[in-house]
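In case you want the letters, here they are:
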Amino acid sequence: MIKKLGDFTDQLFHHLKVTDLVFVDGPHGAFDFRGHKPQQIWIAGGIGIVPFLSWARTLLPSLPPPMESIFLFYSAHCAEAMVYVEEMQSL
């Protein structure tokens, strides 16, 4: 996912093709939800939902029962940014 922040990222979708070679950098920092806490609170805003969505898609089905209580608080300033809300709710 790429957030539109200016002319380059706004036009990227129109110019990038499936066969194009790209360089991806990141992630940066330590952002890890796997812990020994039975309840967790995740907070995301806008494009920041992407890491949580990735974890929910791949890791949540394999978590042990004590990890069932994960609460996500998400906020976005426009409807376009809410595209993954329904999927997150189902996960």
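Residues numbered from 1 in each chain as written. Predicted model: local features only at pLDDT ≥ 70, side-chain atom pairs only at ≥ 80, totals over all residues. Heavy atoms only, no water.

(A) Summary view of the overall build of the chain. For the chain, the helix and strand inventory stands at three helices and two strands. Secondary structure elements of the chain occur, N-terminal to C-terminal, as α-β-α-β-α. Once local pairs closer than 6 in sequence are excluded, the contacts in the chain between residues at least 24 apart make up 67%. Summed over its atoms, the accessible surface of the chain is roughly 7,700 Å², and 60% of this surface lies on carbon and sulfur atoms. (Helix = DSSP H or I, 4+ residues; strand = E, 2+ residues; numbered from the N terminus. Contact = heavy atoms within 4.5 Å. Areas by Shrake-Rupley, 256 points an atom, 1.4 Å probe, with all protein chains shown as cover.)

(B) Molecular detail of the confidence of the model for the chain. Looking at the chain as a whole, its pLDDT mean stands at 76, while 74% of the residues score no less than 70. Looking across the chain, the model is least confident in strand S1 (residues 39-45), with a mean pLDDT of 81, and most confident in helix H1 (residues 7-15), with 84. (pLDDT = per-residue confidence, 0-100.)

(C) Broad picture of the nonpolar core. With nine residues, the main nonpolar core is built from Trp-42, Ala-44, Ile-49, Phe-52, Leu-53, Trp-55, Ala-56, Tyr-74 and Met-88. Of all the secondary-structure elements, those providing two or more residues to this core are S1 and helix H2 (49-58). Those residues within four positions of Ile-49 in sequence are excluded, and the remaining contacts are Ala-44, Leu-72, Tyr-74, Tyr-84 and Met-88. (Core = buried A, V, L, I, M, F, W, Y, C linked by side-chain atoms within 4.5 Å. Buried < 20%, exposed > 50% of the residue type's maximum accessible area, 1.4 Å probe, protein only.)

(D) Just the packing of aromatic side chains, in detail. The tally for this structure, following the rule as stated, stands at three aromatic pairs. Ring centres 5.8 Å apart and planes at 65° place the aromatic pair Trp-42 and Trp-55 in the edge-to-face group. On the criterion of sequence distance, the pair formed by Trp-42 in strand S1 and Trp-55 in helix H2 is long-range, its members being 13 residues apart. The exposure class of Trp-42 is buried, given its relative accessible area of 5%. When its relative accessible area of 15% is taken as the criterion, Trp-55 is described as buried. On the numbers, 5.6 Å between centres and 90° between planes, the contact of Phe-52 with Trp-55 is edge-to-face. (Phe/Tyr/Trp six-rings, centres within 6.5 Å; stacked < 30°, edge-to-face > 60°.)

(E) Molecular detail of H2. Of the residues making up H2, those classed as buried are Ile-49, Phe-52, Leu-53, Trp-55 and Ala-56. The arc that holds the buried residues of H2, viewed along the axis, is 165°, so those residues lie on one side. On its buried side, H2 packs onto S1, strand S2 (69-75) and helix H3 (85-90). (Arc of directions from axis to C-beta.)

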